[in-house]
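Take a look at the letters that make up each chain.
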Amino acid sequence: MAGTGVFADILDGDVYKYYADGEWKKSSSGKAVAIINPTTRKTQYKVQACTQVEVNKVMESAKTAQKSWAKTPLWKRAELLHKAAAILKEHRAPVAECLVKEIAKPAKDAVTEVVRSGDLVSYCAEEGVRILGEGKFLVSDSFPGNERTKYCLTSKIPLGVVLAIPPFNYPVNLAVSKIAPALIAGNSLVLKPPTQGAVSALHMVHCFHLAGFPKGLISCVTGKGSEIGDFLTMHPGVNCISFTGGDTGIAISKKAGMIPLQMELGGKDACIVLEDADLDLVAANIIKGGFSYSGQRCTAVKVVLVMESVADVLVEKVKAKVAKLTVGAPEDDCDITPVVSESSANFIEGLVKDAKEKGATFCQLYKRDGNLIWPLLLDNVRPDMRIAWEEPFGPVLPVIRINSIEEGIHHCNASNFGLQGCVFTKDVNKAILISDAMETGTVQINSAPARGPDHFPFQGLKDSGIGSQGITNSIHMMTKIKSTVINLPTPSYTMG
Ligand SMILES: NC(=O)C1=CN([C@@H]2O[C@H](COP(=O)(O)OP(=O)(O)OC[C@H]3O[C@@H](n4cnc5c(N)ncnc54)[C@H](OP(=O)(O)O)[C@@H]3O)[C@@H](O)[C@H]2O)C=CC1
Ligand SMILES: O=C(O)[C@H](O)COP(=O)(O)O
């Protein structure tokens, strides 16, 4: 159970502690931040509201710890990561329990997130050993005017202190997707978990603590992003920021100093359906892509762009599947569970009302109880409706009927987002042309958008992000190249 057994150390009364210098601590602020259970809408957990002084101390410790960690053999770093991964997977149940209570993730998906996170950490350890174990050797005589008098040796070196800020919807997985690459590459890591999801993240961090990482190497400071976020992201001790979330990331990018940034932000992933598509496959993917975790995924299908000639059939197929979705509590492993907060539910409702006023066809009755919103398919959505462009982050999916492929591509590219998209057709040549024309970081052919498997590159164009994630890319991003050049007095040519 959460906060008990091996996790008892992380709890003080009813407030979870923060993690610094290898210890679980109470904040000197004496203040706590409440985490509201989206289902009961009552306080479920409390975490420390860390102070700026505490953040300063964490940054100092992170800087010191990084210096000796960078000198720890790569195989030892990997060994510790494997150990943390095993401990995390062993304790999947209490961590998953927190995900259910804090962010209303359906019970089975919550376990999947924890197991996937353990696998990510292990894979990252393996990948790091391979990538970081290799450098480059260059010789000077390939560039005009040079003889072979210079040997250049390059290797990948750590950046220093990496600040990781994940969003509420994957507070464990999107935290380890930053922690593991940072650590294997020889960096230290400061985590600021999302408030909704903080306790899941603290349990995950304790698994790293139990694995025996050096003191100060990993820290986790809690508190509202609106209160300590700017102080963290503009802190001079931070050498890299890896952020996943919404528009906050755009603001951070403008404020952060001259440091590498990895930003994975929102999306309005389009699903383009051609006349020759397998409509059963499309309907199944629209359900999975649009409604899993109640649409609260950056990679959710967020607008369907279907050719008019097949739209009626497709909408009927999707409607039939929507009717089978179970709606209710995450503990009961329902398909549709309450969205993360009342303000999120209100925002979604605003989009629905706007669509109603402007004449969208409601395929189901709109129904809401607290934060629980029943799945809703909106047909005949037009570009003047907010839902055509805005990201609901909820179980409401608009369908726009199109008369040409160009119209679909145009709608997709007119969005300020460019995360992923998908196209359904049996004509692979057409699919490639459409994929090339879509201004998104990834296009899936005949499947719904998805970030995983976690080693695949994952990136957004336009307002959807900066840089590329995925295990391999994150390791590269969290390192710098260092060169050492050996200058010879006379040209030397290696002979066989
Ligand atoms: N592209 C991708 O990979 C993903 C994108 N998203 C996007 O994220 C959004 C939903 O997630 P959500 O968690 O609500 O996103 P937010 O941007 O609101 O929050 C993300 C994180 O930023 C923190 N934060 C808030 N304010 C600041 C600040 N001023 N400085 C630094 N950090 C701050 C939050 O902390 P706190 O909770 O305390 O406010 C949280 O940890 C959606 O738009 C979605 O599309 C989500 C998942 C993946
Ligand atoms: O935060 C998100 O929404 C994720 O990055 C999506 O991950 P998934 O596609 O693997 O669910």
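Residues numbered from 1 in each chain as written. Chains lettered and ligands numbered in written order. Predicted model: local features only at pLDDT ≥ 70, side-chain atom pairs only at ≥ 80, totals over all residues. Heavy atoms only, no water.

- An unreviewed UniProt entry annotates the protein as NADP-dependent glyceraldehyde-3-phosphate dehydrogenase of Theobroma cacao.
- UniProt annotates the protein under Catalytic activity (unreviewed entry) with the comment "D-glyceraldehyde 3-phosphate + NADP(+) + H2O = (2R)-3-phosphoglycerate + NADPH + 2 H(+)".
- If you open the UniProt record of the protein and go to Sequence similarities (unreviewed entry), you find "Belongs to the aldehyde dehydrogenase family." (UniProt positions renumbered as here; feature names shortened; annotations may be inferred.)

1. Side note on the overall build of the protein
Next, step 1: Counting its regular elements, the protein contains 14 helices and 28 strands.
Next, step 2: Compactness check: the protein gives a C-alpha radius of gyration of 24 Å against a globular reference of 23 Å for 496 residues, within 12% of the reference.
Next, step 3: Each of the three principal axes of the protein carries a C-alpha extent, and together these read 75 × 65 × 40 Å.
Next, step 4: Each of the 496 residues in the protein was classed as buried or not, and the buried ones make up 57%.
Next, step 5: A separation threshold of at least 6 residues defines the contact pool for the protein, and within that pool the share at least 24 residues apart is 72%. (Helix = DSSP H or I, 4+ residues; strand = E, 2+ residues; numbered from the N terminus. Rg over C-alpha atoms; globule rule 2.2 N^0.38 Å. Buried < 20%, exposed > 50% of the residue type's maximum accessible area, 1.4 Å probe, protein only. Contact = heavy atoms within 4.5 Å.)

2. Some words on the state of the cysteines
Next, step 1: Enumeration over the complete set of coordinates arrives at 0 disulfides.
Next, step 2: Here Cys 50 is not disulfide-linked; the sulfur of Cys 220 is the nearest cysteine sulfur, at 8.1 Å.
Next, step 3: Here Cys 240 is not disulfide-linked; the sulfur of Cys 124 is the nearest cysteine sulfur, at 13 Å. (Disulfide = S-S within 2.5 Å.)

3. As for the site of ligand 1
Next, step 1: As a structural note, the neighbourhood of ligand 1 is formed by 31 residues, with Thr 195, Gly 246, Thr 248, Leu 265 and Glu 391 the closest of them.
Next, step 2: One of the side-chain N or O atoms of Asp 230 is found 3.3 Å from a nitrogen atom in ligand 1.
Next, step 3: At 2.4 Å from an oxygen atom of ligand 1 is found a side-chain nitrogen or oxygen belonging to Glu 391.
Next, step 4: In isolation ligand 1 has 900 Å² of accessible area, and contact with the protein removes 83% of it.
Next, step 5: When contributions to the shell around ligand 1 are tallied by element, the ones reaching two or more residues are α7 (225–233), β12 (240–244) and α8 (248–255).
Next, step 6: Per-element tally for the shell around ligand 1: the top contributor is α7, with 5 residues.
Next, step 7: Its residues placed into classes, the shell around ligand 1 shows 14 nonpolar, 12 polar and 5 charged.
Next, step 8: Three or more residues apiece are contributed to the shell around ligand 1 by two domains, here domain 1 (5–265) and domain 2 (270–445). (Near = heavy atom within 4 Å. Polar contact = N/O pair within 3.5 Å; in protein donor to acceptor, adjacent residues only side chain to side chain. Areas by Shrake-Rupley, 256 points an atom, 1.4 Å probe, with all protein chains shown as cover. Nonpolar A, V, L, I, M, F, W, Y, C, P; charged D, E, K, R; others polar. Domains from an automatic or database assignment.)

4. Considerations on the domain arrangement of the protein
Next, step 1: Looking at the protein, the domain boundaries give domain 1 (5–265) and domain 2 (270–445).
Next, step 2: Both sides of the domain 1 and domain 2 interface together cover about 1,600 Å² of buried area, and 59% of this is carbon and sulfur.
Next, step 3: Counting the surface domain 1 buries against domain 2, the share from its top three residues, Arg 41, Pro 106 and Phe 168, is 29%.
Next, step 4: Linking Lys 101 and Glu 331 is a salt bridge whose minimum nitrogen-to-oxygen distance equals 2.9 Å.
Next, step 5: Of all elements in the fold, only α3 (92–103) and α4 (107–132) reach the threshold of two or more residues within the side of domain 1 that touches domain 2. (Buried area = accessible area lost by both parts, 1.4 Å probe. Salt bridge = Lys/Arg side-chain N within 4 Å of Asp/Glu carboxyl O.)

5. Considering α7
Next, step 1: The complete set of buried residues in α7 reads Ile 228, Gly 229, Leu 232 and Thr 233. Down the axis of α7, the sector holding all buried residues measures 130°, keeping them to one side. Of the exposed residues in α7, those oriented more than 90 degrees away from the buried face are Ser 226 and Glu 227.
Next, step 2: Looking at the buried side of α7, the elements it contacts are α1 (52–69), β9 (161–165), β10 (188–191), β12 and α8. (Arc of directions from axis to C-beta.)

6. Some details on the site of ligand 2
Next, step 1: Near ligand 2 you find Arg 116, Asn 169, Tyr 170, Leu 174, Arg 297, Cys 298, Thr 299, Ala 450, Arg 451, Gly 452 and Phe 458, and these make up its full shell.
Next, step 2: Look at ligand 2: alone it shows 310 Å² of surface, and the protein chains cover 95% of it.
Next, step 3: For the shell around ligand 2, a count of residues per class yields 5 nonpolar, 3 polar and 3 charged.
Next, step 4: Lining the shell around ligand 2 are residues from two domains, each supplying at least three of them: domain 1 (5–265) and domain 2 (270–445).

7. Some remarks on the sheet that holds strand β20 (residues 396–402)
Next, step 1: With mixed pairing, the 7 strands of this open sheet are ordered in space as β16-β19-β20-β15-β14-β22-β23. Because the sheet does not close on itself, it has two edges, and the strands there are β16 (361–362) and β23 (442–445).
Next, step 2: Strands in contact with helix α10 (residues 308–324) are β14 (270–273), β15 (303–307), β19 (376–379) and β20; relative to β15, the strand with the most contacts, it is inclined by about 135°.
Next, step 3: Here helix α13 (residues 428–437) sits on the sheet and contacts β14, β22 (420–424) and β23; the angle it forms with β23, its principal contact strand, is near 160°. (Pairing = 2+ DSSP bridges. Axes fitted to C-alpha atoms, helices over the stretch in contact; angles between N-to-C directions.)

8. As for the nonpolar core
Next, step 1: In this structure, Leu 81, Leu 183, Leu 191, Met 204, Phe 208 and Phe 213 are the most contacted members of the largest nonpolar core, which totals 70 residues.
Next, step 2: A total of 9 residues in this core trace back to one element, the largest contributor, which is helix α6 (residues 198–211).
Next, step 3: If we ignore the near neighbours within four places in the chain, the residues touching Phe 208 are Leu 81, Ala 84, Val 121, Val 176, Ile 179, Leu 183, Phe 213 and Ile 218.
Next, step 4: By size, the runner-up hydrophobic cluster in this structure holds 58 residues, among which are Val 273, Val 282, Val 315 and Cys 412. (Core = buried A, V, L, I, M, F, W, Y, C linked by side-chain atoms within 4.5 Å.)

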